[in-house]
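A look at the structure
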Amino acid sequence: MKDAQTTAGFGPPHGTLTDFAADQLRQRIVLGTLSPGTRLRVEELSAELGISRVPLREAFRELLSEGLLEMYPRRGAVVSEIRRQDVDDSYRMLELMEVMATERAAATYPEETATAMEAALERMRRTEDADDPAAMLFAHREFHAAVFARLGPGALQRHVRVLWYSCERYINASLRGERARQAHREHEELVRCFSTGDAIGATAVARMHVQHGRLAALQGLGTTDRTTPAEE
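One structure accompanies this document, and this report is about it. Keep in mind that this is a model prediction, so the values were computed, not measured. (Residues numbered from 1 in each chain as written. Predicted model: local features only at pLDDT ≥ 70, side-chain atom pairs only at ≥ 80, totals over all residues. Heavy atoms only, no water.)

1. Side note on the overall build of the protein chain
Of regular secondary structure, the protein chain possesses nine helices and two strands. Mapped in sequence order, the helices and strands of the protein chain form the string α-α-α-β-β-α-α-α-α-α-α. The buried share of the protein chain, reckoned over its 232 residues, is 48%. Surface summary for the protein chain: the accessible area is close to 11500 Å², and the carbon and sulfur share equals 52%. (Helix = DSSP H or I, 4+ residues; strand = E, 2+ residues; numbered from the N terminus. Buried < 20%, exposed > 50% of the residue type's maximum accessible area, 1.4 Å probe, protein only. Areas by Shrake-Rupley, 256 points an atom, 1.4 Å probe, with all protein chains shown as cover.)

What follows is the structure, given as structure tokens:
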């Protein structure tokens, strides 16, 4: 049996088999290894991951709440389609949460937040040319988690975690070419604003960062209005 692993960002380390299974499946969906419409077969995944069906099914429920999976009669769990309205709505909600988190972080722990963001940004730089999409994914997640952590424990932290995982595959898929370079500049500007105590600037950059991400995702992602996957 494989050991449970930890998840980068968004709270304390995870150690349960359910967390391990959710992390593994989430990563495959975000990176595109499991494409929209793919059926997840419990028996195959249970054997591959070295865990029983119980934590695997619990992981399915977690990903279902994040919008990464859908459940259908006789088909079970299927990787959800990417729908234009979902992309738009998710980014608009993320904008509200990211701006709120940035305001709190800038007002309470600007220097500590800048230090954590700079460390994550350095990891992003190191993995940029290393052909390691998973490492880049985690480093980018940690960058934003440094700000979201300032929301403190409670409802907002729980909601932003689900919302981030809902948006992450849109972010990852559209972070290419000029958008990747633009996002890198925005990351650097966020660090600068926190480092200098520029709360107004940090909030403005955070809002612009999410808005640019939303436009890139809507322009670059293949979206659909389908409500159910094609029958096998």
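Having seen the structure, we can now continue with the description.
2. Let's talk about the nonpolar core
In this structure, Leu94, Met117, Phe143 and Phe194 are the most contacted members of the largest nonpolar core, which totals 36 residues. Breaking this core down by element, the ones donating at least two residues are α4 (84-108), α5 (110-128), α6 (133-148), α7 (155-174), α8 (177-196) and α9 (199-220). With sequence-adjacent residues up to four places away left out, phenylalanine 194 is seen in contact with Thr102, Ala105, Ala106, Pro110, Glu111, Thr113, Ala114, Met117, Val147 and Ala202. (Core = buried A, V, L, I, M, F, W, Y, C linked by side-chain atoms within 4.5 Å. Contact = heavy atoms within 4.5 Å.)

3. Here we look at the packing of aromatic side chains
The full count for this structure, using the stated rule, is one aromatic pair. When the centroid spacing of 6.0 Å and the interplanar angle of 65 degrees are considered together, the rings of phenylalanine 148 and tryptophan 164 count as edge-to-face. With a gap of 16 residues between them, phenylalanine 148 in helix α6 and tryptophan 164 in helix α7 connect regions that are remote in the sequence. With respect to burial, phenylalanine 148 and tryptophan 164 carry one shared label: buried. Across the ring face of tyrosine 165, the terminal group of arginine 26 is positioned such that the distance to the ring centre comes to 3.8 Å. (Phe/Tyr/Trp six-rings, centres within 6.5 Å; stacked < 30°, edge-to-face > 60°. Lys NZ or Arg CZ within 6 Å of the ring centre and 35° of its normal.)

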